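Residue-level structural notes
Here's the letter readout for the chains.
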Amino acid sequence: MAGTTVTPTRMMLKQLKGRLKTARRGHKLMKDKRDELMRQFMDIVRLNKQLRERVEQGLTESFAALQVASAIMNIMSVNVPQYSFHTRNNDPSEIYPYGFAQTSGELDDALSRMAVVFEDMLQLAQVEKTMQLLAEEIEKTRRRVNALEYVMIPEL
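1. Things to note about the overall build of the chain
A tally of regular secondary structure across the chain gives two helices and two strands. Shown N-terminal to C-terminal, the secondary structure of the chain runs as helices and strands in the order α-β-β-α. Working note: accessible area of the chain is about 14300 Å², and carbon and sulfur atoms make up 62% of it.

Structural data, given as structure tokens:
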């Protein structure tokens, strides 16, 4: 307004005073709005910080548990199988899939011994598969070491 020409009349003075009053009121309203927005923003920042800490804590715990699980299931980047054996029912009277009227007691003894052996068989299968996977990984690693030792390093 400093560069504009204003006619020096009471009407123009009244208009300019009204505009000034409206501008001051608008300025106060905008300052109040800014202050409230900043307050709301700071509340959201605090909430964000709390949530981020909670999420980071949960992720840290989850990744730690995942690393433990991975360490159990992996040996030097080799996936190790985990087998488990479950029967339909844990009730001892339900373990035999046949009736007792037409069979002998020796069949019961044989199946009981077979159940014990079956758990050992699962563990044996798990160990043998682990050995096979580790042997494959050792062979790959051995080839890489030999390639580096006898081909790449001498060429360089």
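After that view of the structure, there is still more to cover.
2. Details of a nonpolar patch on the surface
Together, L148, Y150, V151, M152 and I153 make up a nonpolar patch on the protein surface, roughly 510 Å² of accessible area in all. With respect to the helices and strands, Y150 occurs in helix α2 (residues 105–155). Since its relative accessible area comes to 57%, Y150 is described here as exposed.

3. Let's talk about the pattern of salt bridges
Under the defined criterion, the tally for this structure stands at eight salt bridges. Between R39 and E36 there is a salt bridge, with the nearest N and O atoms lying 2.7 Å from each other. Of the two residues, R39 and E36 are both situated in helix α1 (residues 10–73); the distance of three residues between them amounts to about one turn of the helix. The exposure class assigned to R39 is partly exposed, which follows from its relative accessible area of 42%. Relative accessible area serves as the criterion here: at 35%, E36 is assigned to the partly exposed category. E139 is the salt-bridge partner of R142, the closest N and O atoms lying 2.4 Å from each other. Of this pair, R142 and E139 both sit in helix α2, three residues apart, roughly one helical turn. For R142, a relative accessible area of 41% puts it in the partly exposed group. Residues joined in a network through salt bridges with shared partners are E36, R39, D43 and R46.

4. Section: the confidence of the model for the chain
This prediction gives the chain a mean pLDDT of 76; 70% of its residues lie at or above 70. Looking at the elements of the chain, mean pLDDT is at its lowest for strand β1 (residues 74–75), recorded as 68, and at its highest for α1, recorded as 82.

Reading guide: rules and limits
- Residues numbered from 1 in each chain as written.
- Predicted model: local features only at pLDDT ≥ 70, side-chain atom pairs only at ≥ 80, totals over all residues.
- Heavy atoms only, no water.
- Helix = DSSP H or I, 4+ residues; strand = E, 2+ residues; numbered from the N terminus.
- Areas by Shrake-Rupley, 256 points an atom, 1.4 Å probe, with all protein chains shown as cover.
- Patch = residues over 30% accessible without salt bridge, like charges linked within 9 Å, V, L, I, M, F, W, Y side chains within 5 Å.
- Salt bridge = Lys/Arg side-chain N within 4 Å of Asp/Glu carboxyl O.
- Buried < 20%, exposed > 50% of the residue type's maximum accessible area, 1.4 Å probe, protein only.
- pLDDT = per-residue confidence, 0-100.

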